[in-house]
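Now for the letters of each chain:
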Amino acid sequence: MFLLPFLLETGLLTFKNHYRELDKGYYYSEFIVLLLALMYLRRIKNPEQLKNFSSGEFGKLMGIDRIPEAKCLRSKIGALTAQQKAAEWNKELAHSWSAQEENEIYYIDGHVQVYHGYLANLGKKHVSRQKLCLPGIQEFWVNNIEGMPYFYVTGQVNEKLQQMIEDHLAEMIKQMPNMPDQKQLDGDVELPACTIVFDREAYSPSFFKRLWEQHRIAVITYRKAVKDRWDETWFQSYSINGELTEEVQLELAEQPVVLNQVEMREIRCLSKDGHQSSVITTNRKLSILMIAFYMFSRWSQENFFRYLRQDYDFDRILQYAVNQLDSQIVVSNPAYNKVNQQLKKVREKIQRRKAVIHDLNQIDEIDKTSYIVSRLFKVNQELLDFNKQEQDLLTQREQITTTIKIEDMPEEYRYNTLQLESKYFINIIKMICYRAETSMANLIYPFLKKSINEKRMFVKNIINSTIDIKVNRKENVLEICLYSLSTPRENEMVLKICELLNQNNCVYPGTNLTLRYKFAT
């Protein structure tokens, strides 16, 4: 209830601009969406977990006698998602959020939602958190510097980050508000429309050049394959202190660099152990300090993924129905990849045998001659066998194409995809909940000594606390009275939050009751 004003300000009920009202039933669409938001804030991760809570007590939060059971709730979610409006809703929210924040820096990263079912044949993706290649759905997210999400797109098969940026994300980001107009861009040839930050996955100087020439988008990323070292006397000390971060000292240096005939700026950061982190950018306007700050702040997006996985069951798949893909899509040939993997393993075995032969030839002890001879004979025989296997695999690989159309794949291995509309709809609600939590956390950070570590924990404490609800029909007021928390310091912060929320004069959805917040003590 304390986060309800933040949910409404973040745009929870703007779904009504895109979704029509449910045709029949006791529970209307606004009630269902609000219930889902309160569920996720309370860390109830799916409708089935509602069985562990009193439906009557939860219903009182909603102004009704009881909330629906899991089966009924799932049917309502299905009726809403059947309208296929999630993308439109997300686009409106992204424009609204971007306009409020006046952001010109966008963080892009991929997230793999691992699939453990058997109905769909999905391409395998590398899951960095598990260090494995597993079947799943690849999502590409766009966030701001604090990790607050804007929108995401889903790859159909095995698209890479670079391909998704060129095909979808670059144009979508350019449509966000607060971009410089064409007159400003024409007046300053070095002014970017915006800047995107990502990791080494999309590293390609020629790709950076195309982004600038086609979209006027600058990039900041890490440089690959850095072998040289800069003189440590080139580095200067810089300090930065953001509103939500502690003061940080950075040792930085900058040099122009040409990679694949593309001119860029290279910034290096010298760590205490002597390691030099190399960052390259096509943005000529930002200072050296801000480039390093934006690059190293990329972990805010990783923290966003981690938080949602732990608290919101981010990777849960709500619907296991399968859709067919366009049969003309060209994908990497699984048969070629299989042979290539076998060839890689055989070559590793060959290298290990060669290393054993080299070590045996270095032994000068005469009393081990018979052992060395027998061992060399055995290893050489193995080496001959593996060399033959290598040649057979090379011949086999030459007869297989590297890519293949989906329609040409064997039926049992042909790629398809999951129906993702319900996942998209639920993810938007989780994005709104995360933004509401973050807004409240940022509201209280000045009152906390260790604000970076404590602010979200304090918000969770409020979410899990008990309240009294009283309806005042004469004054059209809904009184929310929070019980005492664990420490006097937290109680003092709650009083300040109550004052701020009461100034907002938020009205409970579907009623004319204004929310008034009190503290029990």
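In what follows, the accompanying structure is described. What you are looking at is a predicted structure, and each value in this text was computed from that prediction instead of being measured. (Residues numbered from 1 in each chain as written. Predicted model: local features only at pLDDT ≥ 70, side-chain atom pairs only at ≥ 80, totals over all residues. Heavy atoms only, no water.)

**Structural notes on the side chain of Thr514**
Here comes step 1: Along the chain, Thr514 turns up in strand β17 (residues 514-519).
Here comes step 2: With residues up to four places along the chain from it excluded, the contact list for Thr514 reads Asn476, Val477, Leu478, Asn505, Cys506 and Val507. (Helix = DSSP H or I, 4+ residues; strand = E, 2+ residues; numbered from the N terminus. Contact = heavy atoms within 4.5 Å.)

**With respect to helix α8 (residues 205-215)**
Here comes step 1: Regarding α8, the residues found buried are Pro205, Phe207, Phe208, Leu211 and His215. The arc enclosing the buried residues of α8, seen along the axis, measures out at 165°, which places them on a common side. When the buried face of α8 is taken as reference, the exposed residues oriented beyond 90 degrees from it are Glu213 and Gln214.
Here comes step 2: Structurally, α8 contributes buried residues whose contacts are with α6 (161-174), β5 (194-197), β6 (217-222), β8 (248-259), β9 (262-270) and β10 (276-281).
Here comes step 3: Just past α8, the residue Arg216 takes up positive phi, approximately 60°. (Buried < 20%, exposed > 50% of the residue type's maximum accessible area, 1.4 Å probe, protein only. Arc of directions from axis to C-beta.)

**Section: the pattern of salt bridges**
Oppositely charged side chains can pair when the atoms bearing their charge come close.
Here comes step 1: Considering all chains together, one arrives at 26 salt bridges under this definition.
Here comes step 2: Its salt-bridge partner being Arg353, residue Glu382 comes within 3.0 Å of it at the nearest N-O pair. Of the two residues, Glu382 is situated in helix α12 (residues 369-398) and Arg353 in helix α11 (residues 334-361); the sequence distance between them amounts to 29 residues.
Here comes step 3: Accessibility expressed as a relative area gives 24% for Glu382, which makes it partly exposed.
Here comes step 4: Put simply, Arg43, Asp311, Glu437 and Lys460 are held in one network by salt bridges that share partners. (Salt bridge = Lys/Arg side-chain N within 4 Å of Asp/Glu carboxyl O.)

**Concerning the packing of α6 against α8**
Here comes step 1: Where α6 meets α8, the axes come as close as 12 Å, and the angle between the chain directions of the two elements is 30°. On the basis of their axis angle, the class for α6 and α8 is roughly parallel. With respect to the hand of their crossing, α6 and α8 are arranged in right-handed fashion. Contacts between α6 and α8 involve Gln162, Ile165, Glu166, Ala170, Glu171 and Lys174 on the former and, on the latter, Phe207, Arg210, Leu211, Gln214 and His215.
Here comes step 2: Here the residues of the contact of α6 with α8 sort into four nonpolar, three polar and four charged. (Axes fitted to C-alpha atoms, helices over the stretch in contact; angles between N-to-C directions. Parallel < 35°, antiparallel > 145°, perpendicular 65-115°, else oblique. Left-handed = near helix turned anticlockwise from the far one by under 90°. Nonpolar A, V, L, I, M, F, W, Y, C, P; charged D, E, K, R; others polar.)

**A closer look at the side chain of Asp313**
Here comes step 1: As for its placement among the helices and strands, Asp313 is situated in the loop between α10 (299-311) and β11 (322-323).
Here comes step 2: Using a relative accessible area of 19% as the deciding quantity, one classes Asp313 as buried.
Here comes step 3: Those residues in contact with Asp313 that lie beyond four places of it in its chain are Lys45, Leu308 and Lys430.

**A closer look at the packing of α11 against α12**
The description of two packed helices rests on the angle between their axes and on the distance between the axes.
Here comes step 1: Two numbers describe how α11 lies on α12: the axes approach to 9 Å, and their chain directions differ by 160°. Relative to α12, the element α11 lies roughly antiparallel. Between α11 and α12 lies a crossing whose hand is left-handed.
Here comes step 2: Residue classes in the contact of α11 with α12 are distributed as 16 nonpolar, seven polar and eight charged.

**Some remarks on the pairing of strand β15 (residues 467-472)**
Here comes step 1: Sheet analysis places β15 next to strand β16 (residues 477-482), joined by six bridges and oriented antiparallel. Bridging across to β16, Ile469 finds its partner in Ile480.
Here comes step 2: Counted along the chain from β15 to the antiparallel partner β16, the turn is four residues long, and its residue Asn476 has a positive phi close to 55°. (Pairing = 2+ DSSP bridges.)

**Let's talk about the sheet that holds β15**
Here comes step 1: One open sheet accounts for three strands, arranged β15-β16-β17; its pairing is mixed. The strands lining the two open edges of the sheet, one partner per strand, are β15 and β17. Taken over all neighbouring pairs, the strand axes of this sheet differ in orientation by 20° on average, direction set aside.
Here comes step 2: Each of β16 and β17 touches helix α15 (residues 488-504); the most contacted strand, β17, lies at about 160° to it.

**Brief notes about helix α4 (residues 70-81)**
Here comes step 1: For α4, spanning twelve residues, the distance from its first C-alpha to its last is 16 Å, which sits close to the expected 16 Å at 1.5 Å a residue.
Here comes step 2: When α4 is considered as a whole, its buried residues turn out to be Ala70, Leu73, Lys76, Ile77, Leu80 and Thr81. Mapping the buried residues of α4 onto a view down its axis gives an arc of 130°, with all of them on the same face.
Here comes step 3: Where α4 is buried, its residues touch α2 (29-41) and α13 (421-444). (Expected span 1.5 Å × (residues − 1).)

**Details of the nonpolar core**
Here comes step 1: Ranked by internal contacts, the top residues of the largest apolar core, which has 109 residues, are Phe2, Leu36, Met62, Ile165 and Ile196.
Here comes step 2: Examining the composition of this core, we find that 13 residues originate from one element, α13, more than from any other.
Here comes step 3: Setting aside chain neighbours within four positions, we find Phe2 in contact with Met440, Ile462, Ile480, Leu482, Val494, Ile497, Cys498, Leu501 and Tyr517.
Here comes step 4: Membership of the second largest hydrophobic core comes to 18 residues, among which are Ile105, Val197, Ile291 and Met295. (Core = buried A, V, L, I, M, F, W, Y, C linked by side-chain atoms within 4.5 Å.)

**Digging into unusual backbone geometry**
Here comes step 1: With a phi angle near 55°, Lys131 is a residue other than glycine that sits in the positive phi range.
Here comes step 2: Mapped onto the fold, Lys131 is located in the loop between β2 (124-127) and β3 (132-143).
Here comes step 3: A positive phi angle, near 65°, is found at Gln261, a position not held by glycine.
Here comes step 4: Structurally, Gln261 is set in the loop between β8 and β9.

**Examining the environment of Leu418**
Here comes step 1: Tracing the chain through its elements places Leu418 in strand β14 (residues 417-418).
Here comes step 2: Using a relative accessible area of 2% as the deciding quantity, one classes Leu418 as buried.

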